[in-house]
Amino acid sequence: MEKIVIRGGVPLSGSVTISAAKNAVLPIVAATILCDEPVVLENCPQISDITFCLKILSSMGADIRMLSKNKVRFDTRSLRIPKVPYEMATAFRASSYFLGALLGRFHEAHVAMPGGCDLGDRPIDQHLKAFTALGAENTLDGGEVSLYADKLIGSLVYFDMNSVGATINAILAAVKADGYTVLENCAKEPHVVDVANFLNSMGAEIMGAGTDTIKIKGVKYLKGVEYSVIPDQIEAGTYMVAAAMTGGDIIVKNVIPKHLESIIVALRKIGVTVEEFDDSVRVYTTGDLRNTKIRTMAHPGFPTDMQPQISTLLTLAKGTSIVTEEIFDSRFAYAKELRRMGANINVNGKAVCIEGVDKLSGAPVNASDLRAGAALVIAGLAAEGTTEIGNIHFIERGYENIVEKFSGLGANIKLVHTIDYSDNEIKKNA
Ligand code: EPU
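Note that the structure is a prediction, hence the values are computed from the model and not measured.

Caption draft 1: Examining the overall build of the protein chain more closely. Along its length, the protein chain carries 15 helices and 23 strands. In terms of C-alpha radius of gyration, the protein chain reaches 22 Å, essentially the compact-globule figure of 22 Å for 430 residues. Referenced to the eigenvectors of the C-alpha coordinate spread, the extents of the protein chain come out at roughly 65 × 55 × 40 Å. Expressed as a percentage of its 430 residues, the buried residues of the protein chain come to 54%. Residue pairs at least 24 apart in sequence account for 72% of intrachain contacts in the protein chain once pairs closer than 6 positions are excluded. Within the structure as shown, the protein chain displays about 17000 Å² of accessible surface, and the carbon and sulfur contribution to it stands at 50%. Averaging the locations of the 43 positively and 49 negatively charged side chains of the protein chain gives two centres separated by 1 Å.

Caption draft 2: A look at the site of the ligand. Around the ligand, the structure places 24 residues, and the nearest of them are D125, S163, D305, I327 and R371. Separating an oxygen atom of the ligand from a side-chain N or O atom of N23 is a distance of 3.1 Å. Its free accessible area being 830 Å², the ligand has 91% of it covered by the protein chains. Those elements that place two or more of their residues in the shell around the ligand are α1 (22–31), α5 (125–133), α6 (164–174) and α12 (370–382). Among the elements that line the shell around the ligand, the one with the most residues is α5, at three residues. Classifying every residue of the shell around the ligand gives nine nonpolar, seven polar and eight charged.

Caption draft 3: View of the side chain of D369. Structurally, the position occupied by D369 is in the loop between β21 (364–366) and α12. At 4.9 Å, R331 is the nearest oppositely charged side chain to D369, a buried residue that forms no salt bridge. At a separation of 3.2 Å, a polar atom in the side chain of D369 contacts the main-chain amide nitrogen of R371. There is a polar contact of 3.0 Å between the side chain of D369 and the backbone nitrogen of A372. Those residues in contact with D369 that sit more than four places away from it in its chain are C117, L119 and F394.

Caption draft 4: View of the packing of aromatic side chains. According to the stated counting rule, one finds four aromatic pairs in the structure shown. For the ring pair F198 and Y227, a centre distance of 5.2 Å and an interplane angle of 70 degrees mean the geometry is edge-to-face. You can see F198 sitting in helix α7 (residues 190–201) and its partner Y227 sitting in strand β13 (residues 226–227), a full 29 residues away along the chain. The residues F198 and Y227 share a single accessibility class, namely buried. Lying across the ring of Y284, R282 places its NZ or CZ 4.1 Å from the centre.

Caption draft 5: Representation of the nonpolar core. Core analysis: the biggest nonpolar cluster contains 79 residues, and F98, F198 and L199 have the highest contact counts within it. With sequence-adjacent residues up to four places away left out, L199 is seen in contact with A31, L34, I171, L172, V175, A204, I206 and L222. Of all hydrophobic cores here, the second largest spans 72 residues; its members include M245, M341, A383 and I413.

Caption draft 6: Expanded view of the domain arrangement of the protein chain. The domain boundaries assigned to the protein chain delineate domain 1 (2–19 + 231–417) and domain 2 (22–227). Each of domain 1 and domain 2 has a C-alpha centre, and these two points are 30 Å apart. Each partner contributes to the interface: domain 1 provides 21 residues, whereas domain 2 provides 25 residues. For the pairing of domain 1 and domain 2, the buried interface totals around 1700 Å² over both sides, and the portion due to carbon and sulfur atoms is 52%. Among the residues domain 1 hides against domain 2, the three largest losses belong to H299, R397 and E400. Together they make up 39% of the total. Applying the counting criterion to the domain 1 and domain 2 interface returns one salt bridge. Of the charged contacts, one joins D49 and R397 as a salt bridge, the two residues approaching to 3.1 Å between their closest N and O atoms. Counting across the domain 1 and domain 2 interface gives seven residue pairs in polar contact (both at pLDDT 80 or more). Listing elements by their share of the side of domain 1 that touches domain 2, those giving two or more residues are α12 and α13 (393–396).

Caption draft 7: Quick look at the environment of C35. By secondary structure assignment, the location of C35 is in the loop between α1 and β3 (39–41). Residue C35 is classed as buried on the basis of its relative accessible area, which comes to 2%. Separated by 23 residues in sequence, C35 and S58 have C-alpha atoms that sit 15 Å apart. Beyond its immediate sequence surroundings of up to four residues, C35 is in contact with T76, M202, L222, K223 and G224.

Caption draft 8: Seen up close, the sheet that holds strand β5 (residues 72–75). The mixed open sheet is built from four strands, whose spatial order is β4-β5-β3-β13. The open sheet is flanked by β4 (63–66) and β13, the only strands paired with a single partner. Where β3 lies against β13, two bridges are found, and the strand directions are parallel. Looking across to β13, one finds that V40 is bridged to E226.

Caption draft 9: Molecular detail of the packing of α1 against α7. Relative orientation of the contacting elements α1 and α7 amounts to 30 degrees, with a least axis distance of 9 Å. The pairing of α1 with α7 is recorded here as roughly parallel in orientation. As for the relative orientation of α1 and α7, their crossing is right-handed in sense. Contacts from N23, A24, P27, I28 and A31 in α1 reach H191, D194, V195, F198 and L199 in α7. Residues that form the contact of α1 with α7 fall into these classes: seven nonpolar, two polar and one charged.

Criteria and thresholds
Residues numbered from 1 in each chain as written. Predicted model: local features only at pLDDT ≥ 70, side-chain atom pairs only at ≥ 80, totals over all residues. Heavy atoms only, no water. Helix = DSSP H or I, 4+ residues; strand = E, 2+ residues; numbered from the N terminus. Rg over C-alpha atoms; globule rule 2.2 N^0.38 Å. Buried < 20%, exposed > 50% of the residue type's maximum accessible area, 1.4 Å probe, protein only. Contact = heavy atoms within 4.5 Å. Areas by Shrake-Rupley, 256 points an atom, 1.4 Å probe, with all protein chains shown as cover. Lys, Arg positive; Asp, Glu negative; His and termini not counted. Charge placed at Lys NZ, Arg CZ, Asp CG, Glu CD. Near = heavy atom within 4 Å. Polar contact = N/O pair within 3.5 Å; in protein donor to acceptor, adjacent residues only side chain to side chain. Nonpolar A, V, L, I, M, F, W, Y, C, P; charged D, E, K, R; others polar. Salt bridge = Lys/Arg side-chain N within 4 Å of Asp/Glu carboxyl O. Phe/Tyr/Trp six-rings, centres within 6.5 Å; stacked < 30°, edge-to-face > 60°. Lys NZ or Arg CZ within 6 Å of the ring centre and 35° of its normal. Core = buried A, V, L, I, M, F, W, Y, C linked by side-chain atoms within 4.5 Å. Domains from an automatic or database assignment. Buried area = accessible area lost by both parts, 1.4 Å probe. Pairing = 2+ DSSP bridges. Axes fitted to C-alpha atoms, helices over the stretch in contact; angles between N-to-C directions. Parallel < 35°, antiparallel > 145°, perpendicular 65-115°, else oblique. Left-handed = near helix turned anticlockwise from the far one by under 90°.

Have a look at this one:
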C-alpha cells in the first residue's frame, strides 16, 4: 500500500512544468483506432488512466511502442477485435471513447458500461443518442453495450445537455461516416477542440470545435502524424491553488493562459495575484485570502474538475464562501476529510458552505476520487503538522509525478510504502 505523506507549512517556490491534458490524451489515444497509418504522440503523460488505455489497445491487437518516457507510437492497423475486455472498461470513464472509435472503424463495438470517479449518476444516453442518429443499433447485455451499423450515415444530432464525452464520442463515430454530420449544443472544452485538431491533422474534416455547433464531413482515410497534446488546464490550476494556499510564489510553465481564464478570475477574486505570460503564469499572494461565491459551469465557466481544489483554498479565506456544483450530483466527498483537518466546510444540497479558519492541521485522510485527492494534497501542503493521504491510486489516475513536482517546488512530501495490517491482508497472506 502506498500513501503520500506531507509535512505542511512550506510556502511553495520555483517552477513546475505542466503535462499533457489527461482529458484530451484519453480520447486521442482511442482515436488512433481510426487512423490508417501509425501515429506518434509526443507527450503522453505517465498516469494510470493512460496506462489503462494503452493496455486496452494492446489487448485488441494494436502495436504500441514506447519510443521514450512520454513518446508513444501507435499502429492500430493490426487491431482486429472490436471489444474492450470487461474489467478494463469498468475501470475508468474514458473507456466509453472506445465505443465511438471502434464503431467508426469497424461499424461494431462491444464495451462495458464505463466506470470512473464516483461523482453521482453518469449515464451515457447522449452518447447512444448520437450513435443511433448515425445509424447504429445498440443493445445492453450483461453490463456490456454493443453497437452495430451496416453503415454510418452523417446526420443531425442535438444534445440535450453539454457533455464532453458525448460530443467527443459523436465526433469519433462520425469522422469516417458517409456524408455530413452536424452536432448541436456541443461541449466547448479545450480538450474537445484538441481532439478535433488531432483528427484534422490526420485529414479529417471537422469544423466548429469549441463552438455550440460542430460540422463533420466524413472522410475515407486518415494519415499518420506526430502530435503534441495541449497542456492540462486542471493540473495547472491545481498547482496554482497550491501556491496560493501555502502563501508561495511559483511559475507554472507550459500552459495556455486562455484555457485558465475562469480559474485566474476566481483566484483574483480570492485575492491571489496571477501574472500571465505567453506560455506560463506566476502565482503568489501578498495578503489575506478573501471569501467568494463560485459556481461550476461548462466551459468557459469555472470547471467542475477544479471545484474540490478551490473549495479547499477557501477554507483559509476570511469569511463565508459558497461553492456550488452544477455539473455532477455528488462531488463533495472530500469535505468530510477536510473537516478532519480542521476545516469548517459543510455540504448543503448542491453547494458547500465554507467558514474560513486560521489554519488547518495535518491528519490521516483518504482520497475518494481524483480531484478530491488533489484537494487533500493541497490541504496537506498548507496544514500544520503531518498529513497522510491514503487511496492515492485515485490521484495517480490524473497527476503525472505529483510527488516529484511538489518536491521540486520545495514541499516536504514523499511517497511511503506501508504494510496493510487489515484483516483481509492478513488472511490473504496467511
Ligand atoms: N451526462 C448525461 N448523459 C450523458 C453524458 C453526460 O446525463 O450521456 C451528464 C453527466 O452525468 C454530467 C454532465 O452530463 O452531469 C456532464 O458530463 P460530461 O459528459 O461532460 O462528463 P464526462 O465526459 O463523463 C469529462 C471528464 C471529467 C469532467 C467532465 C466535465 C473525461 C474522461 N472526464 O467527463 O473529468 O469532470 O468531462 O468537464 O474526460 C476529472 O478529470 O476529474 C473528471 C471527472
